[in-house]
Amino acid sequence: MELLRFSAFWCGTILFGNIVIVDAEVMKLRTLCKFCDVEATSCTGKGSCTVECDRTSICANDEEVCVSIWRKKDDNVTLETVCHHPAQKLYGLVLEDYNNSKCEMKEKWGMGSQFFICSCTEEECNANIFFNSNMDSQVVAVILVSLVPLLVMAVIVITAFYFYRVYRQRQAHSKGKKGPSLDFSDGCAMIIDDEGSDSSSTHANNLNHNTELLPIELDVQVGKGRFAEVYKAKLKQGSSVSKEQGFETVAIKIFPYEEYASWKNEKEVFSDADLRHENVLHFLTAEERKVQRQYWLITAYHPLGNLQEYLTHHIVSWLDLWQLGSSLARGVAHLHSDHTSCGRYKVPITHRDIKSPNILVKSDLTCCLCDFGLAMRLDNSLSVDELANSGQVGTARYMAPEVLESRINLENIESFKQADVYSMALVLWEIISRCSAIGEVKEYEPPFGNLREHPCVESMKDSVVRDRGRPEIPNSWINHTGIQIVCASIEECWDSDPEARLTAQCVAERFDDMEYLDKLSDRSDSEEKIPEEIFVVDEK
Ligand code: ADE
């Protein structure tokens, strides 16, 4: 090839065998390039290829550089080798990086075919073409091009989220200045705590994390339980538990410091947001009142008081019975259920002390369950000790036979639900006993009213286990179709065999099926007895 590098005047193109010399006014050395125009090629466009062109030319002027173009359209693969002046466009493209010793292919898009081009200035440098490094950079470029928008989006989303959190925190903070902030959302909605996080199924929800205590003014005592006393109370102005949210008046369950374990258990069960239900007492917050050495549970207040008090002072209509009974069954079914009304998983809970004093009557004459002091989460978190100690708890009068005998199957969580259903049956019986639809209505009496005020486990065992005794269902009661159906359910619910009992959900559905019986109601309004002095009866 050196033979062709001479200094002379050539006009036009002179071919020497396979060598083309173009307009060779060679004042300085012109580039020598492969120059076959377009030819079919076996080069696959990957790795490196040696071009199959056997023509070499001295470029027409000393500015020109060597160019190779690899193209693939369908099965037609071609390689073009030329000299080209970089100041001029080639196929509409400006040559890039022609000051190369190697011809490194770069892919170009929008050329109507797969299109790679390289340019270089060394002698016959377009005889060997390299796809590899180019490909890598193309791949990197493609990755970058696709990743950059994603990264930008991610940065925007994170920044927006950050500012949203800051905004929420500021809002929470400004609320906190007026008073501690609490969450009063209900039902199926996602629950957002004051930190803005989803705490729909955590214990953290509803706990007053603020060091600032709610401004509360205690009013009269409305109840007394095993471990605590319950007070009606007023939330003073300025608290976030404001009038608009309907919590001007609240109930405070006050535990002395010594009953910490009881407060903690109730708080932990109660504060599970998934426990929320219209037939479960609405829990607001828990507080430690260091000065008074007390622990508080703050809940909604229901002026009609507990079901035992209500039945003591009122005769209920069939409609009232239906409302009270079906809402009670729905509350217990919700407690026992492993899913919320939205279908989200929840921990099933056993109440273990269902009785009329632990059920509150809401203004719409529906029930809500309260006093979760003995309640237990039926999940894997139960320790062996907890299980071992969970055999016999509750109020003897309302204890299922297997609980009285301490032969409850601790390994099966259904056993705890079955024991609750037994107690619920006694409460349903109490409601019927005060319903005008049964005919003559006697004074309120608790189930097994013939026994002394606080029967012990042994005497309950004699009645319930040995004698298989249950509260009486007189024939006169079942003249009413609805009452007859409820009594049939009650008898299934207090069966000696826990496995034979209905579930609370089933009882609730039976009530639903009876809705048409509304019209059969004999008396539509509850009759109020002359009020006696109201006091709360609670069995120890
Ligand atoms: N007795 C016990 N808890 C009560 C409450 N939340 N409202 C009214 N009376 C109650």
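In this text, all values refer to a predicted model and were calculated from it rather than measured experimentally.

The rules behind each value
Residue indices begin from 1 for each chain and proceed along its sequence in written order. Predicted model: local features are reported for residues with pLDDT of at least 70 only, side-chain atom pairs are reported and counted for 80 or more only, and whole-chain, interface and lining totals are derived from all residues. Side-chain descriptors were evaluated using all non-hydrogen atoms of the structure, hydrogens and water having been removed beforehand. Two cysteine sulfur atoms make up a disulfide if the distance between them is within 2.5 Å. Numbering goes from the N terminus for both helices and strands, where a helix is a DSSP run of H or I of at least four residues and a strand is a run of E of at least two. Exposure classes here rest on a 1.4 Å probe applied to the protein chains alone. A residue is buried below 20% of its type maximum, exposed above 50%, and partly exposed in between. The contact criterion used is simple: two residues touch if any of their non-hydrogen atoms lie within 4.5 Å. Residues enter patches when their relative accessible area tops 30% and they take part in no salt bridge; the joining distance is 9 Å for like charges and 5 Å for the nonpolar side chains Val, Leu, Ile, Met, Phe, Trp and Tyr. Method for areas: the Shrake-Rupley scheme with a 1.4 Å probe, in which residue coverage is limited to the protein chains shown. Between Lys or Arg on one side and Asp or Glu on the other, a salt bridge is scored when a side-chain nitrogen of the former is within 4 Å of a carboxyl oxygen of the latter. A residue counts as positive if it is Lys or Arg and as negative if it is Asp or Glu; His and the chain ends are not included. Note on charges: their place is set at NZ of Lys, CZ of Arg, CG of Asp or CD of Glu. pLDDT measures the predictor's confidence residue by residue and takes values from 0 up to 100. Convention adopted: a line fitted to C-alpha atoms gives each axis, helices being fitted over their contacting stretch, and angles between N-to-C directions are expressed from 0 to 180 degrees. Any angle from 65 to 115 degrees is called roughly perpendicular, while one under 35 is roughly parallel, one over 145 is roughly antiparallel, and all others are oblique. Crossing handedness follows the turn of the near helix against the far one: under a right angle anticlockwise gives a left-handed crossing, and clockwise gives a right-handed one. When residues are grouped by polarity, Ala, Val, Leu, Ile, Met, Phe, Trp, Tyr, Cys and Pro land in nonpolar, Asp, Glu, Lys and Arg in charged, and all others, Gly among them, in polar. Classification of ring pairs rests on two measures: the distance between centres of Phe, Tyr or Trp rings, Trp counted by its six-membered ring, which must be within 6.5 Å, and the angle between planes, read as stacked under 30 degrees, edge-to-face over 60 and tilted in between. Whether two strands pair depends on DSSP finding at least two bridges between them. Only buried residues count toward a nonpolar core, which is a set of Ala, Val, Leu, Ile, Met, Phe, Trp, Tyr and Cys residues joined through side-chain atoms within 4.5 Å.

We now examine the state of the cysteines. Tallied over the entire structure, the rule returns six disulfides. A sulfur-sulfur separation of 1.9 Å characterises the disulfide bridge that pairs Cys59 with Cys83. A torsion of -75° about the S-S bond marks the disulfide between Cys59 and Cys83 as left-handed. A residue pair is termed long-range when its members are at least 10 positions apart, and Cys59 in the loop between β6 (56–58) and β7 (65–73) and Cys83 in strand β8 (residues 76–84) qualify at 24 residues. No difference in accessibility class separates Cys59 from Cys83, as the two residues are buried.

Counting through the fold element by element, Leu365 comes out in the loop between β20 (359–361) and β21 (367–369). Between the C-alpha atoms of Leu365 and Val316, which are 49 residues apart in sequence, the distance is 9.8 Å. Once residues lying within four places of it in the same chain are set aside, the contact partners of Leu365 are Leu304, Tyr310, Asp320, Gln323 and Leu324.

With that out of the way, let us pick up a negative patch on the surface. Together, Glu509, Asp512, Asp513 and Glu515 give the surface a local cluster of negative charge. If you trace the backbone, Asp512 turns up in helix α10 (residues 504–513). In this structure Asp512 comes out as partly exposed when scored by relative accessible area, which is 37%.

What follows concerns the confidence of the model for the protein chain. Looking at the protein chain as a whole, its pLDDT mean stands at 83, while 77% of the residues score no less than 70. Per-residue pLDDT stays below 50 along residues 1–26; that stretch engages in 54 contacts with residues further than four places along the chain or on separate chains. Segment residues 172–186: pLDDT under 50, and 42 contacts once partners within four positions in sequence are set aside and those in other chains are kept.

Right, let's talk about the packing of helix α4 (residues 318–336) against α10 for a bit. Axis separation between α4 and α10 bottoms out at 8 Å; the angle between their running directions is 150°. Accordingly, the angle class assigned to the pair α4 and α10 is roughly antiparallel. In this structure, the crossing between α4 and α10 has a hand that is left-handed. Contacts from Leu321, Trp322, Gly325, Ser326, Ala329, Arg330, Val332, Ala333 and His336 of α4 reach α10 at Ala504, Gln505, Val507, Ala508, Phe511 and Asp512. Its residues assigned to classes, the contact of α4 with α10 shows nine nonpolar, four polar and two charged.

With that settled, consider the pattern of salt bridges. Scanning the model with the defined rule gives 22 salt bridges in all. Arg407 is paired through a salt bridge with Glu405; the nearest N and O atoms lie 2.3 Å apart. According to the relative accessible area criterion, Glu405 is partly exposed, its value standing at 32%. Across the salt bridge formed by Glu492 and Arg510, the nearest N and O atoms sit 2.9 Å from each other. Highlighted residues: Glu492 in helix α9 (residues 481–493) and Arg510 in helix α10, separated in sequence by 18 residues. Relative accessible area serves as the criterion here: at 30%, Glu492 is assigned to the partly exposed category. Via salt bridges that share partners, Lys253, Glu266 and Asp371 belong to a single interconnected network.

Another aspect to go through is the packing of aromatic side chains. For the structure on display, the rule yields twelve aromatic pairs. When the centroid spacing of 5.1 Å and the interplanar angle of 55° are considered together, the rings of Tyr260 and Tyr295 count as tilted. Linking Tyr260 in helix α2 (residues 260–270) with Tyr295 in strand β17 (residues 294–300), this pair joins segments that are 35 residues apart in sequence. Of the residues examined, Tyr260 reaches a relative accessible area of 36% and is grouped as partly exposed. Take Tyr295: its relative accessible area is 9%, and that puts it in the buried class.

Of all seven residues in β17, six are buried, a share of seventy percent or more. As defined by bridge partners, strand β15 (residues 249–256) adjoins β17 across seven bridges and the pair is classed as antiparallel. Of the residues in β17, the one forming a bridge with Val250 is Ala300. Examined bridge by bridge, strand β16 (residues 283–289) and β17 share six bridges and lie antiparallel to one another. Each bridged residue has a counterpart across the sheet, and for Thr285 the counterpart in β17 is Ile298. Counted along the chain from β16 to the antiparallel partner β17, the turn is four residues long, and its residue Arg293 has a positive phi close to 55°.

Attention shifts here to the nonpolar core. Ranked by size, the top nonpolar core spans 83 residues in total, and within it Leu321, Leu328, Phe372, Met424, Ile431, Ile432 and Ile483 carry the most contacts. The element best represented in this core is helix α7 (residues 413–433), accounting for twelve residues. When neighbours within four sequence positions are excluded, Ile431 is seen to be in contact with Leu307, Leu311, Val316, Leu321, Leu324 and Gly325. Cys43, Cys83, Cys103 and Phe116 belong to the second-largest nonpolar core, a separate cluster that totals 21 residues.

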